[in-house]
Structure formats: C-alpha cells, structure tokens
Amino acid sequence: MDITPQAVVIPKETDHLEQGKYGPIFPRTPACYGFTIIAEVKPGRAEAIRNHGHTLVKALEADPHLLAPLKLHYLRWVLFDGDTRFMYQGIFDTDFDKYTEDAVALFSQTGVNTVFENLVGFPEDWKTNPEAFVRYVREHQCPSFIEYGEYPYVAADEIKKALRIKSALSEMLDQLQ
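Let us look at the structure shown here. (Residues numbered from 1 in each chain as written. Predicted model: local features only at pLDDT ≥ 70, side-chain atom pairs only at ≥ 80, totals over all residues. Heavy atoms only, no water.)

What about a nonpolar patch on the surface?
Here comes step 1: Judged by side-chain polarity, I165, L169, M172, L173 and L176 come together as a nonpolar surface patch covering roughly 500 Å² of accessible area.
Here comes step 2: By the element assignment, L173 lies in helix α4 (residues 156–176). (Patch = residues over 30% accessible without salt bridge, like charges linked within 9 Å, V, L, I, M, F, W, Y side chains within 5 Å. Areas by Shrake-Rupley, 256 points an atom, 1.4 Å probe, with all protein chains shown as cover. Salt bridge = Lys/Arg side-chain N within 4 Å of Asp/Glu carboxyl O. Helix = DSSP H or I, 4+ residues; strand = E, 2+ residues; numbered from the N terminus.)

Re the pairing of strand β6 (residues 85–92)
Here comes step 1: Among the eight residues of β6, six are classified as buried, and the element is accordingly described as predominantly covered.
Here comes step 2: As defined by bridge partners, strand β4 (residues 33–40) adjoins β6 across eight bridges and the pair is classed as antiparallel. Looking at β6, one finds that A39 is bridged to F86.
Here comes step 3: Relative to β6, strand β5 (residues 72–80) is paired through eight bridges, and the arrangement is antiparallel. Across the sheet, residue L79 finds its bridge partner in β6, namely F86.
Here comes step 4: Where β5 hands over to β6, the hairpin turn is made up of four residues, of which D81 adopts a positive phi near 50°. (Buried < 20%, exposed > 50% of the residue type's maximum accessible area, 1.4 Å probe, protein only. Pairing = 2+ DSSP bridges.)

Quick word on the packing of aromatic side chains
Here comes step 1: Within this structure, the stated rule accounts for 13 aromatic pairs.
Here comes step 2: Consider the rings of F35 and F96, whose centres lie 5.5 Å apart with planes at 65°: the pair is edge-to-face. With F35 in strand β4 and F96 in helix α2 (residues 96–110), this pair connects stretches of sequence that are 61 residues apart. There is no split in this pair, since F35 and F96 are both buried.
Here comes step 3: The rings of F35, Y88, F92, F96, Y99, F116, F122, W126, F133 and Y136 are connected pair by pair, giving a single aromatic cluster. (Phe/Tyr/Trp six-rings, centres within 6.5 Å; stacked < 30°, edge-to-face > 60°.)

What about the nonpolar core?
Here comes step 1: Counting residues in each nonpolar core, the largest one holds 32 residues, and the members touching the most others are F35, L67, F86, F116, L119 and F133.
Here comes step 2: Sorting the residues of this core by element identifies β4, α1 (46–62), β6, α2 and α3 (130–140) as the ones contributing at least two each.
Here comes step 3: The leading source of residues in this core is α2, at six residues.
Here comes step 4: In this structure F133 touches T100, V104, T114, F116, F122, P123 and W126, once residues within four positions along its chain are discounted. (Core = buried A, V, L, I, M, F, W, Y, C linked by side-chain atoms within 4.5 Å. Contact = heavy atoms within 4.5 Å.)

See below:
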C-alpha cells in the first residue's frame, strides 16, 4: 500500500461549494475536515477556559470514549494576545454540519459544557438552539487555505484499526520467539 503525502489548496470563494444545512460544506482535505475558530474571551474568563481544559481531561479520564461521537483526530486550544483571544482548532472525520450537531448533542447529553461559553457573543441558549451555536462558529471561523496530510484522507477509525492490527501482529510475533 502506497501512502503518498498530499496537500490541497482550499478556495477562498465558497459560492460554488455544496450548501449544507448551515452554509457551505468545505471539501474534505488530506487532513480530513476541520475548522479554526478565533474569538474574543469574555473579560476575566481566561482562567475559566484553562479550568475547562482540566474539566475535559478529567471527563476523558473517567470515560476515554466521551468524545468518540465527534470522530476527532485532534483538538488544539490556544489563549493568546494576553489571554484576550481564544483559538479552537479541530480536525475530524465528519463534515461541519454533522460535527457541530453532534457536539451540541454530546455536550447536552453529558452535562459537560462547551468552552465557548467563555467567549464574547456565544449564545446562552446553545443547548436548545443548535442553529445559534452553528451561526456563532461560522461567524468566528477562520478557514485555512491549504491543508496537508502525511497519511491523506485516512479516518481516525482506520488509524485505530491499523494500530490494533500492528499490536496484534507484534504480540503474535513475540509469542513465536
């Protein structure tokens, strides 16, 4: 199997893109799907954002599969400009509409709130108003213009399966020695 790294330039104009429930569906790239949100932090809420990170880590320690419905590859949270702005970056296997709907449903079901509650203008009724959640995310999204994948278009579930196979083969070979 040949895995050739790839990069794709994402068009600036979105008029030609397929329209989803909440706006344009950006194409799947070698890095799968994803988005970057940059927003202003509510005054005095930077520490709450950091604490929310600890809350999420504890929730994942209790249930490592908590975020599994989101089909994530990774998340990155960054506070910058003297803790006045926040960047959320996520790469995942589903399109934008499905990811955001799944996120609202997941956080509503688990009782784990979103870190976005600490951001200026985030809708207070986000749990019952997914459209407002999506609108906020779309308004604060900073689309990338190029994405690269060392192992292009590979889903998180495929990576996990390959790692399980590798582990099983290693164990089998160890038993043969």
